[in-house]
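Structure assessment
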Amino acid sequence: MGWLFYTDRRVQTYADEKAEIARLCTFEGDTRKTELVKACKVGSTWYAAARVTNRDGTPVEDATYVTDADGSITFGAVFLTRYDDGCWGYKDMEESAGPNESRAPLGLIELLSDLKDLDSYAHDWRQRCRDWAAIPDYQEGDKIRLAAPVTLTDGSTCQIVTATHYRRGRQKRRCYRIEETGGLVRLSKASLAGSELLSSAKGEASPVLAEYLAGQGG
């Protein structure tokens, strides 16, 4: 399915978006009904868990999902969203369709029904969500070994770095000091996947950054 935009501009705020995601995940047919269990927004992407039940109370039979104890199944859905000239739009896909965006919080993943096929797209998507959630949120002064060397814009590489920060106006921005050169670099969260904490040195101030700046001034 492609993108669908609302030209009436009725969706403008976070609350509007959440209400629309709930509406899109809620419907009734002749034999089944679906309702939203949980929705979370990460970046511009909404992740949803939706429960399906039979209207007559019998257990739901499905080729993809194991029926839960209460007779229902709960599946994951991904809604890519964006604004175009003030108009909100979305592109939705069910987890078994193999969506690329895979940053759903663990709390949402844990609500989903078990899968019958552990080699399915849905199983791979859930694992990628778990892998993303498992990436550490390093603290000031933590020394880290990256899972693989990262190539920088000048063609050099780095693998051992220390977490620090710099300021832009009133905002603190995370960056990392390169062990080999002492230079500073910004790293994406994805580049920290599989990394290892070598040592920890938490503190409000940044001795790493202070040392770096002192060296620059000399």
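Shown above is the structure to which this text applies.
Now for a description of the structure that goes with this document.

Parameters at a glance
- Residues numbered from 1 in each chain as written.
- Predicted model: local features only at pLDDT ≥ 70, side-chain atom pairs only at ≥ 80, totals over all residues.
- Heavy atoms only, no water.
- Buried < 20%, exposed > 50% of the residue type's maximum accessible area, 1.4 Å probe, protein only.
- Helix = DSSP H or I, 4+ residues; strand = E, 2+ residues; numbered from the N terminus.
- Arc of directions from axis to C-beta.
- Contact = heavy atoms within 4.5 Å.
- Pairing = 2+ DSSP bridges.
- Core = buried A, V, L, I, M, F, W, Y, C linked by side-chain atoms within 4.5 Å.

Attention shifts here to helix 1 (residues 14-24). Of all the positions in helix 1, only Glu-17, Glu-20 and Ile-21 are classed as buried. Seen end-on, helix 1 carries its buried residues on one side only, within an arc spanning 100°. Those residues of helix 1 hidden inside the fold are in contact with strand 3 (32-42), strand 4 (45-54), strand 5 (73-84) and strand 6 (87-94).

The strand order across the open sheet built from 6 strands is 1-6-5-4-3-2, with neighbouring strands paired in antiparallel fashion. Looking at the sheet topology across the chains shown, the edges are occupied by strand 1 (4-5) and strand 2 (27-28). Strand direction decides the pairing type here: strand 3 and strand 4, joined by 10 bridges, are antiparallel. By the bridge assignment, Ala-39 is partnered in strand 4 with Ala-48.

So, on to the side chain of Asn-54. Within the element layout of this structure, Asn-54 appears in strand 4. Note on Asn-54: relative accessible area 15%, which makes it buried. In this structure, Asn-54 is in contact with Thr-31, Arg-32, Pro-59 and Val-60, ignoring residues within four places of it in sequence.

Read across the sheet, 5 strands follow the order 10-9-8-7-11 without closing on themselves; strand pairing throughout is antiparallel. The outermost strands of the open sheet, each flanked by one partner alone, are strand 10 (184-185) and strand 11 (196-199). Across 8 bridges, strand 8 (residues 157-168) lies against strand 9 (residues 171-178) in antiparallel orientation. Counterpart to Ala-163 in the pairing with strand 9 is Tyr-176.

Core analysis: the biggest nonpolar cluster contains 19 residues, and Ile-21, Cys-25, Phe-75, Phe-79 and Trp-88 have the highest contact counts within it. Looking at this core, the elements with two or more residues in it are strand 4, strand 5 and strand 6. If we skip the residues at most four places from it in the chain, Cys-25 touches Thr-34, Glu-35, Leu-36, Ala-48, Ala-50 and Phe-79. Counting residues in hydrophobic clusters, the runner-up holds 15 residues, among them Ile-144, Cys-158, Ala-163 and Tyr-176.

Relative to the assigned elements, Asp-62 resides in the loop between strand 4 and strand 5. For Asp-62, a relative accessible area of 21% gives the class partly exposed. For the pair Asp-62 and Ile-73, spaced 11 residues apart in sequence, the C-alpha to C-alpha distance is 8.1 Å. When near neighbours in sequence (up to four residues on either side) are disregarded, Asp-62 contacts Ile-73 and Lys-116.

Let us now look at the pairing of strand 6. Along any regular strand the residues' side chains alternate between the sheet's two faces. Direction of pairing for strand 1 relative to strand 6: antiparallel, over a ladder of 2 bridges. Its bridge partner being in strand 6, Leu-4 is matched across the sheet by Tyr-90. One ladder, built from 8 bridges, connects strand 5 with strand 6; its direction is antiparallel. Residue pairing in the sheet places Leu-80 in a bridge with Lys-91 of strand 6. Count of turn residues in the strand 5/strand 6 antiparallel hairpin: 2 residues, of which Asp-85 carries a positive phi of about 55°.

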